Amino acid sequence: MINLMRDITNQPPMVIGKSLGGHVASCIALRKMCEIQSLVLLCPAIDYGSTFHEYVKTTLTRKQLKQLESGEVIMVDIGSHENWEPFEYSLKLYEDNIANSIMKSNHQIEGNFPVRIIHGMKDQTLPFTWSLSLEFDKMFESDDLQLTLVKECDHLLISNKNGFDIVKNTVQHLIEIDDHRT
């Protein structure tokens, strides 16, 4: 992905990640895999692996739990929970998330690029209180850090017009800031 970003543009990219993608985007920034123009995290599941793993286990049958514990990839269906589709899950995915912990790395994400975190307050998949608990001010070196909570939005965030507009306006604003720098 990093090489693709470098091939497409000769400018630092805006890195956007939603849910587990927010964790991946933060890993990209932490490991300095590329210079970053800005970072947008939507309902970010940063270091949420243990909590999510425990939740997934409560939805499994005994047979699925045994399969998971033996290292098999299983299909997980958590029902109509915020319109989730069945997905593949494995112990390896959980272990990778734990091994790539942002908070346990004891390193601040360096760089003075804008960081925007947007989280829906009706998110049942990843409650907004998770974002409040992460101490972003310690996680990011940047002085340009904003956390926006959207009262009427769930984990999808953009299914609500207000949430969609906030995400769209945030991204547009960051593009405009970058245009003025170059």
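Residues numbered from 1 in each chain as written. Predicted model: local features only at pLDDT ≥ 70, side-chain atom pairs only at ≥ 80, totals over all residues. Heavy atoms only, no water.

Colleague: Is there a simple way to explain the pattern of salt bridges in this structure?
Modeller: Opposite charge on two side chains permits them to pair, given that their charged atoms come into close proximity. One pass over the structure, following the stated rule, counts seven salt bridges. Notably, a salt bridge pairs Lys122 with Glu152, separated by 2.7 Å at the nearest N-O pair. Here Glu152 lies in the loop between strand E6 (145-150) and helix H8 (161-181) and Lys122 lies in the loop between strand E5 (115-120) and helix H6 (128-133), a separation of 30 residues in the sequence. Across the pair Lys161 and Asp165 runs a salt bridge, and its minimum N-O distance is 2.9 Å. Here Lys161 and its partner Asp165 are both found in helix H8, four residues apart, which amounts to about one turn of the helix. (Salt bridge = Lys/Arg side-chain N within 4 Å of Asp/Glu carboxyl O. Helix = DSSP H or I, 4+ residues; strand = E, 2+ residues; numbered from the N terminus.)

Colleague: Honestly, the pairing of strand E1 (residues 14-18) in this entry has me stumped. Any pointers?
Modeller: Each regular strand shows side chains that alternate between the opposite faces of the sheet. Sheet analysis places E1 next to strand E2 (residues 38-42), joined by five bridges and oriented parallel. Across the sheet, the residue bridging to Met14 is Ser38, located in E2. Tracing the backbone out of E1, into helix H2 (residues 20-30) and back to the parallel element E2 gives a crossover that is right-handed. (Pairing = 2+ DSSP bridges. Right-handed = clockwise from strand over helix to strand, strands pointing away.)

Colleague: Mind showing me how you'd approach helix H3 (residues 49-58) here?
Modeller: Side chains that are three or four residues apart share a direction in an α-helix, a result of its 3.6 residues per turn. Along H3, the residues classified as buried are Gly49, Phe52, His53 and Val56. Down the axis of H3, the buried set is contained in an arc of 105°. They therefore lie on one face. Packing partners of the buried residues in H3 comprise helix H4 (62-69), strand E3 (74-76), strand E4 (87-89) and helix H5 (91-99). (Buried < 20%, exposed > 50% of the residue type's maximum accessible area, 1.4 Å probe, protein only. Arc of directions from axis to C-beta. Contact = heavy atoms within 4.5 Å.)

Colleague: Would you mind going over the pairing of E5 with me for this structure?
Modeller: Within E5, six of the six residues are buried, leaving the element largely enclosed by the surrounding structure. Side-chain alternation along E5 places Val115, Ile117 and His119 on one buried face and Arg116, Ile118 and Gly120 on a second face that is also buried. Relative to E5, E2 runs parallel, the two being bridged by four bridges. Considered in E5, the bridge of Leu41 is made with Ile117. Judged from the six bridges that link them, E5 and E6 form a sheet pairing that is parallel. In the sheet register, Arg116 faces E6, and the bridge partner there is Gln146.

Colleague: Just checking my understanding: could you explain a nonpolar patch on the surface for this structure?
Modeller: There is a patch of nonpolar side chains on the surface, built from Met121, Leu132, Leu147 and Leu149 and spanning about 300 Å² of accessible area. Counting through the fold element by element, Met121 comes out in the loop between E5 and H6. The class of Met121 is partly exposed, set by a relative accessible area of 33%. (Patch = residues over 30% accessible without salt bridge, like charges linked within 9 Å, V, L, I, M, F, W, Y side chains within 5 Å. Areas by Shrake-Rupley, 256 points an atom, 1.4 Å probe, with all protein chains shown as cover.)

Colleague: Just checking my understanding: could you explain the nonpolar core for this structure?
Modeller: The nonpolar side chains of a soluble globular protein tend to be buried with one another. Ranked by size, the top nonpolar core spans 20 residues in total, and within it Leu39, Ile109, Met139 and Phe140 carry the most contacts. Counting only elements with at least two residues in this core, the list comes to H2, E2, E5 and helix H7 (136-139). The residues touching Ile109, leaving out its near neighbours within four places in the chain, are Ser26, Ala29, Leu30, Ile102, Met139, Phe140 and Glu141. Membership of the second largest hydrophobic core comes to 12 residues, among which are Ala45, Val56, Ile78 and Phe87. (Core = buried A, V, L, I, M, F, W, Y, C linked by side-chain atoms within 4.5 Å.)

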